[in-house]
Amino acid sequence: VGSGAMLGGVSRMLLSTVVIIMETSGAENLTIPLIIASAVGKIVADFITIGIYNTNMERHAYPFLPEQPEGLEALKLSHQLQVADVMTPKIVAMPVVIRIREMVAFLKTHPFNTIPLVTPDRRALQEALAAQHQQQAVKQERLLQNLVNQHEQKGLRVQEERDRFTCPPKL
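Let us look at the structure shown here. All values reported here derive from a predicted model rather than from experimental measurement.

So, unusual backbone geometry
Logical step 1: With phi around 65°, R12 is a residue other than glycine that occupies positive phi space.
Logical step 2: As for its position among the elements, R12 is in the loop between helix 1 (2–11) and helix 2 (14–25).
Logical step 3: On the basis of relative accessibility, which here comes to 17%, the residue R12 falls in the buried class.

Structure (structure tokens):
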């Protein structure tokens, strides 16, 4: 029960604390005293200092909204403020299909920690994949034509080689 009160005061997460302590101790008969001790630990800790997670967020300068605005002006501002006031109108996104060279250039010009990947609609994605397959087929046809030309110069059997490269392997 004491460890539940301490953990409740440090983490400020009552339900999680109660479940963790009950699961590790295996004492289901102490559920009510554990809930009460965790709640008392949280209330006492709230009067003394802020929680460990809020401290960590402040230390790393993560943006977060306080529980309630402080002062009358902040309260008025919170009711007048709209999402459009804080969002940027220009969204930077990286396409799903991109070459390495283009991705490196993109990352050098946009020094962000996170960049969303924007998936185009299904039809556009299918068209992009079909274009990639077409390019690969053209490359394979050129390779095959080069091999055929080399073999014709050497007088080898062209048709057997062509069948070997164009037919799918037998399973």
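Brief notes about the pattern of salt bridges
Logical step 1: Across all of its chains, the model carries 2 salt bridges by this definition.
Logical step 2: The salt bridge partner of R12 is D46, with a shortest N-O separation of 3.0 Å. On the criterion of sequence distance, the pair formed by R12 in the loop between helix 1 and helix 2 and D46 in helix 3 (residues 31–48) is long-range, its members being 34 residues apart.
Logical step 3: According to the relative accessible area criterion, D46 is partly exposed, its value standing at 37%.
Logical step 4: K42 is the partner of D46 in a salt bridge, and the nearest nitrogen-oxygen pair spans 2.5 Å. With D46 and K42 both in helix 3 and 4 residues apart, this pair spans about one turn of that helix.
Logical step 5: Through salt bridges with shared partners, a single network forms among R12, K42 and D46.

As for helix 1
Logical step 1: Taken residue by residue, helix 1 has G4, G8, G9 and S11 as its buried positions.
Logical step 2: As for helix 1, its buried residues are in contact with helix 2, helix 3 and helix 4 (52–59).
Logical step 3: Just downstream of helix 1, R12 is the residue with a positive phi angle, here 65°.

What about the side chain of S11?
Logical step 1: Residue position: S11 is located in helix 1.
Logical step 2: Side-chain polar atoms of S11 contact the side chain of T17, separated by 3.3 Å.
Logical step 3: Discounting chain neighbours no more than four positions away, the residues touching S11 are T17, I52 and Y53.

Some remarks on the packing of helix 1 against helix 3
Logical step 1: Taken N-terminus to C-terminus, the directions of helix 1 and helix 3 make an angle of 40°; their axes are 7 Å apart at the nearest point. When the axis of helix 1 is compared with that of helix 3, the two are oblique. Our pair here, helix 1 against helix 3, has a crossing hand that is right-handed. Judged by residue contacts, G4, A5, G8 and G9 of helix 1 engage L34, A37, S38, G41, K42 and A45 from helix 3.
Logical step 2: Each residue belonging to the contact of helix 1 with helix 3 can be placed in one class, and the counts come to 4 nonpolar, 5 polar and 1 charged.

A closer look at the side chain of S38
Logical step 1: Structurally, S38 can be placed in helix 3.
Logical step 2: At 3.2 Å, the side chain of S38 and the backbone oxygen of G4 are in polar contact.
Logical step 3: Not counting residues up to four positions away in its chain, the partners in contact with S38 are G4, A5, G8, L14, T17 and V18.

What counts, and at which threshold
Residues numbered from 1 in each chain as written. Predicted model: local features only at pLDDT ≥ 70, side-chain atom pairs only at ≥ 80, totals over all residues. Heavy atoms only, no water. Helix = DSSP H or I, 4+ residues; strand = E, 2+ residues; numbered from the N terminus. Buried < 20%, exposed > 50% of the residue type's maximum accessible area, 1.4 Å probe, protein only. Salt bridge = Lys/Arg side-chain N within 4 Å of Asp/Glu carboxyl O. Contact = heavy atoms within 4.5 Å. Polar contact = N/O pair within 3.5 Å; in protein donor to acceptor, adjacent residues only side chain to side chain. Axes fitted to C-alpha atoms, helices over the stretch in contact; angles between N-to-C directions. Parallel < 35°, antiparallel > 145°, perpendicular 65-115°, else oblique. Left-handed = near helix turned anticlockwise from the far one by under 90°. Nonpolar A, V, L, I, M, F, W, Y, C, P; charged D, E, K, R; others polar.

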